[in-house]
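In case you want the letters, here they are:
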Amino acid sequence: MKLIQKFIKTPEGIVGIIILSILITLALSAPIIAPGDPLRIAGRALAAPFSDPSLPLGTDRLGRDVLSGIIHGARTSLLVGAAAALAAIAIGLMIGLVAGFCGGIVDEVLMRVVDAFQIVPGFLLALAFVSVMGASLPVVVMAIALGAWADPARLTRAQVLSLRERDYVAAARVIGMPPVEIAVKHILPQAVPPVLAVSATIVAAAILTEAALSFLGLGDPNSVTWGSMISEGRNVLRSSPWLSIMPGLALIVTVLGVYLFSEGLTKAMTRPASTDRSAPRDGMTP
Amino acid sequence: MSEFTVSRRHILQASSLLLASTALPTLLKAQDAGPGGRLVVAADSEPKNLNPAIVASNGVFFIASKVIEPLAEAAFDGHDGLEPRLAISWVGSADGRSITFKLREGVTWHDGKPFTSADVAFSALNIWKPLQNLGRVVFANLQGVDTPDDHTAIFRFAKPTPIQLIRNALPVVSSVVPKHLYEGSDIATNPANTKPVGTGPFKFAEHKPGEYYRLTRNDAYWGKDQPLLDEIVFRVLPDRAGAGAALEAEEIQLAAFSAVPLADLDRISKVPGLKVVSRGYEALTYQLVVEINHRRKELGDLKVRQAIAHAIDKTFVVETIFLGYASASTGPVPKNAPEFYDADVPNHAFDTEKANALLDEAGYKRGADGNRFTLKLRPAPYFNETRQFGDYLRQALAAIGINAEIVNADSAAHQKAVYTDHDFDLAVAPPVFRGDPAISTTILVQSGTPAGVPFSNQGGYRNPALDAVIAKAAETIDSGERTRLYKDFQKLVVTDLPLINVAEWGFISVTSERVLNIADNPRWAVSNWATTALQP
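Residues numbered from 1 in each chain as written. Chains lettered and ligands numbered in written order. Predicted model: local features only at pLDDT ≥ 70, side-chain atom pairs only at ≥ 80, totals over all residues.

Here we look at the interface of chain B and chain A
Phase 1: Of the residues lining the interface, 19 residues belong to chain B; the matching set on chain A comes to 20 residues.
Phase 2: Where the side of chain B that touches chain A is concerned, the elements lending two or more residues are α8 (262-268), α12 (384-398) and β16 (402-406) of chain B.
Phase 3: Residue contributions to the side of chain B that touches chain A peak at six residues, all from α12(B).
Phase 4: Among the residues forming the side of chain B that touches chain A, the class breakdown is eight nonpolar, five polar and six charged. (Contact = placed C-beta atoms within 7 Å. Helix = DSSP H or I, 4+ residues; strand = E, 2+ residues; numbered from the N terminus. Nonpolar A, V, L, I, M, F, W, Y, C, P; charged D, E, K, R; others polar.)

Observations regarding the nonpolar core
Phase 1: Formed by 161 residues in total, the largest nonpolar core has its most connected members in B:Val41, B:Ala42, B:Ala255, B:Val290 and B:Leu393.
Phase 2: Considering each element in turn, this core owes the most residues, seven residues, to helix α5 (residues 163-173) of chain B.
Phase 3: Every residue in contact with B:Val290, bar those within four places of it in the chain, is listed here: B:Leu393, B:Leu426, B:Val428, B:Leu499, B:Ile500 and B:Val502.
Phase 4: The next biggest cluster of nonpolar side chains, apart from the first, holds 66 residues, and it includes A:Leu57, A:Ile70, A:Ala88 and A:Ala153. (Core = buried A, V, L, I, M, F, W, Y, C linked by C-beta atoms within 7 Å. Buried ≥ 20, exposed ≤ 12 C-beta atoms within 10 Å, placed from the backbone.)

Details of the domain arrangement of chain B
Phase 1: According to the domain assignment, chain B consists of domain 1 (5-44 + 200-282 + 507-534), domain 2 (72-187) and domain 3 (285-505).
Phase 2: Split into classes, the residues belonging to the side of domain 1 of chain B that touches domain 2 of chain B amount to three nonpolar, three polar and two charged. (Domains from an automatic or database assignment.)

Focus on the packing of helix α4 (residues 66-102) of chain A against helix α10 (residues 179-215) of chain A
Residue and element names in this part refer to chain A.
Phase 1: One way to put it is that α4 packs onto α10 with a least axis distance of 7 Å and a crossing angle of 145°. Here the hand of the crossing between α4 and α10 comes out right-handed. For the pair α4 and α10, the contacting residues are Ser77, Val80, Gly81, Ala82, Ala84, Ala85, Ala88, Ile89, Gly92, Leu93, Leu97 and Phe101 in the first and Ala183, Ile187, Leu188, Ala191, Val192, Val195, Ser199, Ile202, Val203, Ala206, Ile207 and Glu210 in the second.
Phase 2: Looking at the contact of α4 with α10 residue by residue, the classes come out as 19 nonpolar, four polar and one charged. (Axes fitted to C-alpha atoms, helices over the stretch in contact; angles between N-to-C directions. Left-handed = near helix turned anticlockwise from the far one by under 90°.)

Thoughts on the confidence of the model for chain B
All names here are of chain B.
Phase 1: Summary statistics for chain B give a mean pLDDT of 88 and a share of 94% for residues scoring 70 or more.
Phase 2: Low pLDDT (under 50) marks residues 1-5, which in the prediction has zero contacts with non-local residues, meaning those over four places away or in another chain.
Phase 3: Confidence over residues 17-33 falls short of pLDDT 50; this stretch has seven contacts with residues more than four positions distant or in other chains.
Phase 4: On the interface metric, ipTM, the complex scores 0.78, and its pTM is 0.81. (pLDDT = per-residue confidence, 0-100.)

Concerning helix α8 (residues 150-163) of chain A
Residue and element names in this part refer to chain A.
Phase 1: Given a rise of 1.5 Å per residue, 14 residues ought to cover 20 Å, and the 20 Å separating the end C-alpha atoms of α8 matches this to within 8%.
Phase 2: The buried fraction of α8 amounts to ten of the 14 residues, a majority that puts the element mostly inside the structure.
Phase 3: Those residues of α8 that fall on the buried side of the exposure criterion are Ala150, Asp151, Pro152, Ala153, Arg154, Thr156, Arg157, Gln159, Val160 and Leu163.
Phase 4: Close packing links the buried residues of α8 with α4, α5 (104-119), α7 (137-148), α9 (167-174) and α10. (Expected span 1.5 Å × (residues − 1).)

Quick notes on the pairing of strand β10 (residues 231-236) of chain B
Residues and elements named next belong to chain B.
Phase 1: Bridge analysis of strand β1 (residues 38-43) against β10 gives six bridges, and the strand direction is parallel. The residue bridging Arg38 from the neighbouring strand is Glu231, located in β10.
Phase 2: Of the pairings in the sheet, the one linking strand β9 (residues 212-217) to β10 comprises five bridges and is antiparallel in character. Looking across to β10, one finds that Arg214 is bridged to Val233. (Pairing = 2+ DSSP bridges.)

Digging into the environment of B:Ala283
Residues and elements named next belong to chain B.
Phase 1: By the element assignment, Ala283 lies in the loop between β12 (274-277) and β13 (285-292).
Phase 2: On the neighbour-count criterion, Ala283 (26 C-beta atoms within 10 Å) is buried.
Phase 3: When the C-alpha positions of Ala283 and Pro227 are compared, they lie 23 Å apart, and in sequence the two are 56 residues distant.
Phase 4: In contact with Ala283, not counting residues within four places along its chain, are Ala74, Gly435, Pro522 and Arg523.

What to know about unusual backbone geometry
All names here are of chain B.
Phase 1: The linkage connecting Gln226 with the following residue, Pro227, adopts the cis geometry, with an omega of -5°.
Phase 2: When you line up the elements, Pro227 lands in the loop between β9 and β10.
Phase 3: Not every positive phi belongs to a glycine, and Glu250 is a case in point at roughly 60°.
Phase 4: When you line up the elements, Glu250 lands in the loop between α7 (240-248) and β11 (254-255).
Phase 5: Since 12 C-beta atoms lie within 10 Å of it, Glu250 is described here as exposed.
Phase 6: We note that Leu323 has phi near 50°; this positive angle belongs to a residue other than glycine.
Phase 7: Within the secondary structure, Leu323 is located in the loop between α10 (314-321) and β14 (327-328).

Regarding the sheet that holds strand β7 (residues 152-157) of chain B
Residue and element names in this part refer to chain B.
Phase 1: Pairing in this open sheet of four strands is antiparallel, and the strands run β4-β5-β7-β6 from one edge to the other. The open sheet has two free edges, formed respectively by β4 (87-92) and β6 (142-149), since each of these has just one partner strand. Across the sheet, the mean angle from the axis of one strand to that of its neighbour is 20°, orientation sign disregarded.
Phase 2: Looking at chain direction, β4 and strand β5 (residues 98-103) are connected through five bridges and run antiparallel. The residue of β5 that forms the bridge with Val91 is Thr100.
Phase 3: Each of β5, β6 and β7 touches helix α3 (residues 117-131); the most contacted strand, β6, lies at about 170° to it.

Right under this line is the structure:
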């Protein structure tokens, strides 16, 4: 509760949460505001924005509604972003916990695997994975998670390493609690918060990676994504720039929203509750 | 009577008029463009093997056709639709078992050695027939080449071979390479494949990978006062958006093969100094085709195939996807091949209601979600237009209750999936019509091609009646009879729909107005450019 209170006191957090809630509402209500397949041909090809009230943002090369594409694209972007981040954090927590808790040879092996994944640029890994597996939403989610789990794994391990030496863990050991229970019940909950703080950045990166994959034609061709909209608009960039600009703006706003949200969260978690009041008191002495 | 006497003066007058009328165009041409100059051209792909005798593809011809010449080139108004190059005449025997080529005299290779019938015989027997992608089909029955003298080559065939087929194939399959450089070496890895030596108007100078190819004028070319250019540079510009910008910045003077995206043509045609040309590709017709996997139970049903044909709005495809730079197809032979084209075939007009009725009739009712069944659709990745048509086809099929799921892949994976693994229900393909249905068109519907042969019937379609017509035409010597058989072939294909022909298109060139004499033959982009000139 305190965390939420602190969070909404940060300006970044407020702006971030407003942007994100609007986007999430938009994404959830897509079938109501823009019913039907967003890829269907809705009108004349390359209609300019604001020229036809029924197609407010105009149409693309094949006559598909740009607004409907952006609304449904929000769905794909947020879904892929959230799912990929979730998967990455789940894998990261798991590996980090095992490595940190077990130590020794297990730790060595797991951390070298983490090193291997950290050396390879995440985007290249995703690119290779999708080209081999074929483009579909689950594959794209996996591909992005594959390049993003190493950081949370390292973070978790570091936390676990310090936590497992605490007195309460030693106490749990003394009373004969099984190691798995200690790890899951007593260490994991303490290790999660710092990882959650980086989760928002992972979401932002995942959204951008998904857009980049779609831009290169490796997204799911059966669902509309902002990346593929930008890519298709690129061919007519000189004559109909709005086709690339609109989804580009949507992408910027989303990533900005996620980033601000994460900034707010980090601030709220690091700033002590009493900072605001204690500061002037300290300065009172002449 | 005296009015009709022919005097010396009359003859002089008439002959000088005649002389003036024929000399005038040449004089004008000479005024328009003095010889010389360097033409810089956009190249979107960068083939390593530049030997058109082995790889008869447009990507290779685009560069190599200036260096290595065929026996004859396609022409708008030549005899048989051909213009002599290294051969000056070709005569088929009555039994279809031999063809006699008279070869041009006084031609030398770029390294100074004379060109003779031995070069033709060597190219035909050691390269065209065993190694070339198209020559394997056209010269399948070639048994030997007799060379009674240095300027006569007699092709002997094991089975009757139609002269019409050989004639139509000559521009594409008959690139002659020098025997003295290839003999006794491994032809596939010969250095002359990357640094070609030919008889053409330009000599190969250098290739800087990732940057350019450079060709220079062949001063000893057999064509009188040809070529007009000093140099041709093919600048490698893989990014399609880049070609338009480079033209506007006058860094290049020509972008062929639709290197400038269709959607940008309207804007670029208004740029002063540039022009958009759609001529010069008449013999390079690409066809937009829906390939069908007949192994799928639903697609094995003619009614379903008819329904799909009725669901496609060809006008939309031509006007919106190709922006008018294409025409709707009626069948497997394009209108650009008037020798064979037959408009009198069944027509599957755009009619969604009829398509729905056909599917209902076939017993595929719509389910609760409005879908009758789901298909896997693989659009070929080679062109923007094939991908866009894939997107359109998915929507067109949705309107008749067929749920198509698009699967995208790169070129290699797409070819493997469709032509080797048969992992598709529908595929969008852009086959090329090469002047004669027997070269690369009948193979699209003929049965019995082993798996793994790209751009062939890999949909498991088998129609004995159609196979019989194709087999008969392949050995019919009489051109009239052969043409008639190919008209039957068109009717059979459109009636039974082994595949669906949607549209056919040529490419577009965008050039600087300073470039003259472009598009003067139906394969201009891949011909020798000996008459092309550049205004200073």
